[in-house]
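# What the coordinates show
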Amino acid sequence: MNARAALFDLYGDHLRSRGGHASVAALVRLLAPLEIAAPAVRTAISRMVRQGWLAPMRVPQGPGYAVTPKCVRRLDEAALRIYRPGTISWPGKWHVVVVEQVRERPKRERLRADLAFLGYAPLSETTWIGPRPSPELATLLTAEQVHADLFEAALDGDPRELVARAWDLASIAGAYELWLSQAADLVGAVPGRAPDDLVFAVRSRLVHGWRNFLFRDPGLPAELLPPAWPGEKARSFFEQEAARLLPAAAAFVDRTLADPQENQ
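Calculation notes
Residues numbered from 1 in each chain as written. Predicted model: local features only at pLDDT ≥ 70, side-chain atom pairs only at ≥ 80, totals over all residues. Heavy atoms only, no water. Helix = DSSP H or I, 4+ residues; strand = E, 2+ residues; numbered from the N terminus. Expected span 1.5 Å × (residues − 1). Buried < 20%, exposed > 50% of the residue type's maximum accessible area, 1.4 Å probe, protein only. Contact = heavy atoms within 4.5 Å. Axes fitted to C-alpha atoms, helices over the stretch in contact; angles between N-to-C directions. Parallel < 35°, antiparallel > 145°, perpendicular 65-115°, else oblique. Nonpolar A, V, L, I, M, F, W, Y, C, P; charged D, E, K, R; others polar. Pairing = 2+ DSSP bridges. Salt bridge = Lys/Arg side-chain N within 4 Å of Asp/Glu carboxyl O. pLDDT = per-residue confidence, 0-100. Polar contact = N/O pair within 3.5 Å; in protein donor to acceptor, adjacent residues only side chain to side chain. Phe/Tyr/Trp six-rings, centres within 6.5 Å; stacked < 30°, edge-to-face > 60°. Lys NZ or Arg CZ within 6 Å of the ring centre and 35° of its normal. Arc of directions from axis to C-beta.

## Considerations on helix α9 (residues 196–211)
The end-to-end C-alpha distance of α9 is 22 Å, a good match for the 22 Å that 16 residues give at a rise of 1.5 Å each. Most of α9 is tucked away, with 12 of its 16 residues classed as buried. Within the span of α9, buried status applies to V199, F200, A201, V202, R203, S204, L206, V207, H208, G209, W210 and R211. Its buried side turned inward, α9 meets α1 (3–15), α2 (24–31), α4 (69–82), α8 (169–188) and α10 (230–258).

As structure tokens, this is what we get:
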């Protein structure tokens, strides 16, 4: 887990509900159990400030950083998908996004990555579909200064054939099965009465691995997925273990925020 990804996870999973800010000293201490060194944390913070995710602020413990409105939107969108309750209903219509041709390669690649994160898949270079509108789409298009025509459309044909063409379901299923095996090993290695910082590290790795599916799985409705979809078993395991490990992990976060210089 690199420092930038760990900071996103930390702000999204713990700090967002605690005011969305922390001192630099606390951030360094919070990422120490993940074996991320202080220089890497500071470098990642600087990069996130340049990209508009964090903003410097003064907190009682000293210099700190808070989430920006842009970051809040991204974290809230991610949380809705990470912890979405149960099966989401699908009205049978696709959200279709037809973007203008983007000539600049960096901007085009950035747009493709962000649309995929929001759950869309390309049918062509300029036409993308998703199972539902993303509340973050308008912000993305505005930030990139890209025009798009938006539609809701019902497919004249079998939607499962469209899904199989737009998304690599076999690859996603395999990733779920691999993650589930590795996650079971990860949490199974936690001893009884483990210290809070160890539980925090294990839960952070669990959440980080699960969060990676935001870039792969658009959250398709059950009726469009193959039978015995492994994503449901993986989700059940994640929800159970993330909840079980949360009290000890939260205790470590609260203690560190209260006294970031404490020798854990």
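Here the narrative resumes, following the displayed structure.
## Describing the packing of α8 against α9
Packed helix pairs are specified by the crossing angle of their axes together with the interaxial distance, meaning the distance between the axes. At a closest axis distance of 10 Å, the pairing of α8 and α9 adopts a crossing angle of 175 degrees. Between α8 and α9, the angle falls in the class roughly antiparallel. Of the residues in α9, those in contact with Y176, W179, A183, L186 and V187 of α8 are V202, R205, L206, G209 and W210. Grouping the constituent residues of the contact of α8 with α9 by class yields eight nonpolar, one polar and one charged.

## Observations regarding the sheet that holds strand β3 (residues 62–67)
Strand order in the open sheet made by the three strands is β1-β3-β2, with antiparallel pairing throughout. Looking at the sheet topology across the chains shown, the edges are occupied by β1 (21–23) and β2 (54–59). If you compare each strand with its neighbour and ignore which way they point, the axes differ by 30 degrees on average. As judged from the three bridges shared by β1 and β3, these two strands associate in the antiparallel manner. Across the sheet, the residue bridging to H21 is A66, located in β3. Helix-sheet contacts for α1 involve β1, β2 and β3, and the interaxial angle to β1 is about 115 degrees.

## Structural notes on the pattern of salt bridges
Throughout the structure, instances matching the rule amount to 12 salt bridges. Where R160 meets D158, a salt bridge forms, and the shortest distance between an N and an O atom there is 3.4 Å. For D158, a relative accessible area of 29% puts it in the partly exposed group. In this structure, the salt-bridge partner of E239 is R235, at a minimum N-O distance of 3.6 Å. Here E239 pairs with R235, and both are found in helix α10, just four residues apart, close to one helical turn. Its relative accessible area of 35% is what places E239 among the partly exposed residues.

## Brief notes about the sheet that holds strand β5 (residues 121–122)
The antiparallel open sheet is built from four strands, whose spatial order is β5-β6-β4-β7. At either end of the open sheet lies a strand with only one pairing partner, and these are β5 and β7 (148–153). This element, helix α7 (residues 159–166), spans β4 (94–99), β5 and β6 (127–130) of the sheet and lies at about 45 degrees to β4.

## Overview of the confidence of the model for the protein
Of all residues in the protein, 97% attain a pLDDT of 70 or more, and the chain-wide mean is 91. For the protein, per-element mean pLDDT is lowest for α4, which scores 84, and highest for helix α3 (residues 38–50), which scores 97.

## Regarding the side chain of R74
Tracing the chain through its elements places R74 in helix α4. For R74, a relative accessible area of 15% puts it in the buried group. A polar contact is formed between the side chain of R74 and the side chain of E136, at a distance of 2.9 Å. For R74, the contacting residues outside a window of four places in its chain are W53, D114, F117 and E136.

## Here's the deal with the packing of aromatic side chains
Tallied over the full model, the rule gives 13 aromatic pairs. Clustering of aromatic rings is evident, with ring pairs tying together Y176, W179, W210, F213, W229, F237 and F238. Over the ring of W53 we find K70, and its NZ or CZ is 4.2 Å from the ring centre.

## Quick word on helix α6 (residues 137–144)
Among the residues of α6, those classed as buried are L137, L140, L141 and E144. Along the long axis of α6, the arc covered by the buried residues comes to 95 degrees, so they all point the same way. Opposite the packed face of α6, turned more than 90 degrees from it, sit the exposed residues A138, T142 and A143. Residues of α6 that are buried make contact with β4, α5 (105–117) and β7. Looking one or two residues past α6, Q145 carries a phi angle of roughly 55 degrees, positive in sign.

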